[in-house]
Structures are given as C-alpha cells and as structure tokens.
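# Inside the fold
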Amino acid sequence: MNLFIYHNPRCSKSRETLALLQEKGLEPEIIKYLDTPPDAEQITQLLNQLGMSSARELMRTKEEIYKTLALADVADEAALINAMVANPKLIERPIVVCNGKAALGRPPEQVLSILP
C-alpha cells in the first residue's frame, strides 16, 4: 500500500491525523511539506485526487502571506498553484494519499474514507 501524509508537525490536526493512522497500525511515509514543498505538478495531482475544482480550495486563506500576496484577487489557477509552490505555508494540511486517492485530515477521521 502506498500511504503518504503531507505533514506539519507543528499543526495539531496534522499530528492528530498521523496518530490516527498509527493507531490503525499504519506507518505512512511522512512528507514534511514545509521542508520539501510539492511542485506545481504534484499540487495539481493532489487537487485532482482530492476532487477539488479550484486551487483556492487547498489554500489556507487566513494565512498572512495570502493577504500579503493579495491572492484573494487572483483568478488564474496556475498563479494560485505557483503561490503554493513558492509559499508552502499556504497549503492546507494534513493531506493523506493512499493508493492514488487523497483526503484532507480536517477532521482527522475524514482520511479513513480512503483507506482500504
């Protein structure tokens, strides 16, 4: 089974989601996305796996960098994706990917829906 978590250890929801997976006896590959940000192609793939129609759905719109970059006024999907690549703090977390399906761990139990 391919199991990944885009994880921020400083985020309580991310820690809770990882703990939930571990309680189920699963050891996902941990991707600390702030240290190793996904590229534009990976973000596009995540959007598709999550069933999101807009990059904005994957963005943390309350982050200061979102306001600083005036991203609320940006309509171009590629520009939004590139903003997440350049500023991974904008990416909502945690994201769990299992066998080509993805789920956002908000709430953490939501990721259970993609597990076999």
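Residues numbered from 1 in each chain as written. Predicted model: local features only at pLDDT ≥ 70, side-chain atom pairs only at ≥ 80, totals over all residues. Heavy atoms only, no water.

## Structural notes on the pairing of strand β4 (residues 101–104)
Cut-off, in case you're wondering: Here a strand pair is declared whenever DSSP counts at least two bridges between the two strands. Secondary structure elements are defined from DSSP: runs of H or I of at least 4 residues count as helices, runs of E of at least 2 residues count as strands, and each element is numbered from the N terminus.
As paired elements, strand β3 (residues 95–98) and β4 share 4 bridges and run antiparallel to each other. When the sheet's bridge partners are listed, Cys98 is paired in β4 with Lys101. Joining the antiparallel neighbours β3 and β4 is a turn of 2 residues, in which Asn99 adopts a positive phi near 50 degrees.

## Let's talk about the sheet that holds β3
Put simply, the test is: Fitted lines through C-alpha atoms give the axes, limited to the stretch in contact for helices. The angle between two N-to-C directions lies from 0 to 180 degrees. Any pair of residues with heavy atoms lying within 4.5 Å of one another is described as a contacting pair.
Pairing in this open sheet of 4 strands is mixed, and the strands run β2-β1-β3-β4 from one edge to the other. In this open sheet, the two strands that pair with only one neighbour each are β2 (29–32) and β4. The average angle at which neighbouring strand axes cross in this sheet is 20 degrees, direction not considered. Note: strand β1 (residues 3–7) against β3, 4 bridges, orientation antiparallel. What sits directly across from Tyr6, in β3, is Ile95. The sheet strands contacting helix α1 (residues 12–23) are β1, β2 and β3, and the helix crosses β1 at an angle near 160 degrees. In the packing of helix α2 (residues 40–50) onto the sheet, the strands contacted are β1, β3 and β4, and the crossing angle to β4 comes to about 85 degrees.

## Side note on the nonpolar core
Soluble globular proteins tend to bury their nonpolar side chains together. Put simply, the test is: Nonpolar cores were defined as sets of buried Ala, Val, Leu, Ile, Met, Phe, Trp, Tyr and Cys residues, with membership established by side-chain atoms within 4.5 Å. When accessible area is computed with a 1.4 Å probe and restricted to protein chains, residues below 20% of their type maximum are described as buried, those above 50% as exposed, and intermediate ones as partly exposed.
Leu58, Met59, Met84 and Ile95 are the most contacted members of the largest nonpolar core, which totals 23 residues. When residues of this core are traced back to their parent elements, those giving at least two are α2, α4 (77–86), β3 and β4. Apart from residues lying up to four places away in sequence, Met59 is in contact with Tyr66, Leu71, Leu80, Ala83, Met84 and Leu90. By size, the runner-up hydrophobic cluster in this structure holds 12 residues, among which are Leu3, Ile5, Leu21 and Val96.

## Details of the pattern of salt bridges
Quick note on the threshold: Salt bridge, as used here, is a side-chain nitrogen of Lys or Arg placed within 4 Å of a carboxyl oxygen of Asp or Glu.
All chains considered together, the criterion is met by 4 salt bridges. Residue Glu16 pairs with Lys13 through a salt bridge whose shortest N-O separation is 3.8 Å. Taken together, the residues Glu16 and Lys13, both in helix α1 and 3 residues apart, mark about one turn of the helix. For Glu92, the salt bridge goes to Arg106, with nearest N and O atoms at 2.9 Å. One end of the pair, Glu92, is in the loop between α4 and β3; the other, Arg106, is in the segment after β4, with 14 residues separating them in the sequence. Classification of Arg106 by relative accessible area gives partly exposed; the value is 31%. Taken together, the salt bridges that share partners define one network made up of Arg60, Glu63, Glu92 and Arg106.

Keep in mind these values describe shape, not function.
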